[in-house]
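Now for the letters of each chain:
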Amino acid sequence: DAKTTQPPSMDCAEGRAANLPCNHSTISGNEYVYWYRQIHSQGPQYIIHGLKNNETNEMASLIITEDRKSSTLILPHATLRDTAVYYCIVRVGAWDTGGFKTIFGAGTRLFVKA
Amino acid sequence: DGGITQSPKYLFRKEGQNVTLSCEQNLNHDAMYWYRQDPGQGLRLIYYSQIVNDFQKGDIAEGYSVSREKKESFPLTVTSAQKNPTAFYLCASSPIAGGSVEQFFGPGTRLTVL
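Residues numbered from 1 in each chain as written. Chains lettered and ligands numbered in written order. Predicted model: local features only at pLDDT ≥ 70, side-chain atom pairs only at ≥ 80, totals over all residues. Heavy atoms only, no water.

S.K.: Break down the overall build of chain A for me, citing the residues and quoting the values.
M.R.: Per the secondary structure count, chain A includes zero helices and nine strands. For chain A, the N- to C-terminal ordering of α and β elements is β-β-β-β-β-β-β-β-β. For chain A, whose C-alpha radius of gyration is 14 Å, the value lies close to the compact-globule estimate of 13 Å for 114 residues. With the C-alpha coordinates of chain A rotated into their principal frame, the extents come out at 45 × 30 × 25 Å. Evaluated residue by residue, chain A yields a buried proportion of 46% over its 114 residues. Sequence-distant contacts, at least 24 apart, represent 58% of the contacts inside chain A between residues at least 6 apart. Carbon and sulfur atoms make up 50% of the accessible area of chain A, which totals about 5700 Å². Charge centroids of chain A, computed over 11 positive and 10 negative side chains, lie 3 Å from each other. (Helix = DSSP H or I, 4+ residues; strand = E, 2+ residues; numbered from the N terminus. Rg over C-alpha atoms; globule rule 2.2 N^0.38 Å. Buried < 20%, exposed > 50% of the residue type's maximum accessible area, 1.4 Å probe, protein only. Contact = heavy atoms within 4.5 Å. Areas by Shrake-Rupley, 256 points an atom, 1.4 Å probe, with all protein chains shown as cover. Lys, Arg positive; Asp, Glu negative; His and termini not counted. Charge placed at Lys NZ, Arg CZ, Asp CG, Glu CD.)

S.K.: If you had to explain the packing of aromatic side chains to someone new, which residues and values would you point to?
M.R.: One pair of aromatic rings is described through two measures. These are the centre distance and the angle between the planes. Scanning the entire structure with this criterion turns up 13 aromatic pairs over all chains. Arranged with centres 6.0 Å apart and planes meeting at 85°, the rings of Y36 of chain A and F105 of chain B form a pair that is edge-to-face. Of this pair, Y36 of chain A sits in strand 3 (residues 31–38) while F105 of chain B sits in strand 10 (residues 104–105), which puts the two residues in different chains. Taking relative accessible area as the criterion, Y36 of chain A reaches 0% and is therefore assigned buried. Taking relative accessible area as the criterion, F105 of chain B reaches 12% and is therefore assigned buried. Ring centres of Y35 of chain B and F105 of chain B lie 5.6 Å apart, and the angle between their planes is 40°; on these two criteria the pair is classed as tilted. Residue Y35 of chain B is located in strand 4 (residues 31–37), and its partner F105 of chain B is located in strand 10; the two are separated by 70 residues in the primary sequence. An aromatic cluster is present here, built from Y32, Y34, Y36, Y46, Y87 and F104 of chain A together with Y33, Y35 and F105 of chain B joined pairwise through their rings. For the cation-ring pair, R68 of chain B lies above F74 of chain B, with the distance from its terminal atom to the ring centre recorded as 6.0 Å. (Phe/Tyr/Trp six-rings, centres within 6.5 Å; stacked < 30°, edge-to-face > 60°. Lys NZ or Arg CZ within 6 Å of the ring centre and 35° of its normal.)

S.K.: Can you explain the interface of chain A and chain B? Please cite residues and give values.
M.R.: Tallying the contact residues gives 23 residues for chain A and 24 residues for chain B. Here chain A meets chain B over a buried area of about 1800 Å², counting both sides, of which 54% is carbon and sulfur. Joining chain A to chain B, the criterion identifies zero salt bridges. Between the two partners, chain A and chain B, sit four residue pairs in polar contact (both at pLDDT 80 or more). Counting residues per element, the ones that place at least two in the side of chain A that touches chain B are strand 3, strand 4 (45–50) and strand 8 (84–92) of chain A. In terms of residues, the side of chain A that touches chain B owes the most to one element, strand 3 of chain A, which gives four residues. When grouped by side-chain class, the residues that make up the side of chain A that touches chain B number twelve nonpolar, nine polar and two charged. (Buried area = accessible area lost by both parts, 1.4 Å probe. Salt bridge = Lys/Arg side-chain N within 4 Å of Asp/Glu carboxyl O. Polar contact = N/O pair within 3.5 Å; in protein donor to acceptor, adjacent residues only side chain to side chain. Nonpolar A, V, L, I, M, F, W, Y, C, P; charged D, E, K, R; others polar.)

S.K.: Which residues make up a nonpolar patch on the surface, and what values do they have?
M.R.: Taken together, Y10, F12 and L114 of chain B make up a surface patch of nonpolar side chains, about 380 Å² in accessible area. Relative to the helices and strands, Y10 of chain B resides in strand 2 (residues 10–13). (Patch = residues over 30% accessible without salt bridge, like charges linked within 9 Å, V, L, I, M, F, W, Y side chains within 5 Å.)

S.K.: Could you give me a rundown of the pairing of strand 3 of chain A, with the residues and numbers involved?
M.R.: It is a general feature of regular strands that their side chains alternate between the two faces of the sheet. Residue and element names in this part refer to chain A. Of all eight residues making up strand 3, seven are buried, and the element is well covered by its neighbours. As paired strands, strand 3 and strand 8 are joined by eight bridges and run antiparallel to one another. Bridge pairing in strand 8 links V33 to V90. As paired strands, strand 3 and strand 4 are joined by five bridges and run antiparallel to one another. Residue pairing for strand 4: R37 is matched across the bridge by Q45. (Pairing = 2+ DSSP bridges.)

Put into structure tokens, the structure is as follows:
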């Protein structure tokens, strides 16, 4: 079973920030939050991950609440090409403690509209 | 360019035939994975391997077989014992050491059994 809860779909206007929420209330202390996205009929693409601090890279920002029970992925200026399914995953960071086990739920289908 | 290749992109087979899906990576990753995705669903883990000549069953291994004779290759055979083989199949790889198990995905193979 997926350990995260995400809304099934969201809309965003092109050029605006897209804020995708994720609940992970049972997250353990050694589990990271990972985000991937999947554009239709392609393989998922890694976006960003974090443990407890907020993270930013060239694609997105990840905001993790202080209690780590939820997080938000922010795409600062959404474009039409950001239309995809976004997966929030919690997983340990090391292979020897089960890091291979990646559970992809249904994700959030983001529609960016012109 | 480093990456993961899967071939073919589309594959059609008659019911009762075994079929082998190819997955090759030149990222020098130790771990490789096979996932299955059905329409509107998340990804489900079929098999994974962390080292040459070793592999483990995932959540839905029945009706599938794999081999890992070379580090860069992890072919998946869909056997006639798989009751509902029509699906989108994704291969992935990841490093094991280094504190991150970010997975890199191939473009996928869409298998249709007629």
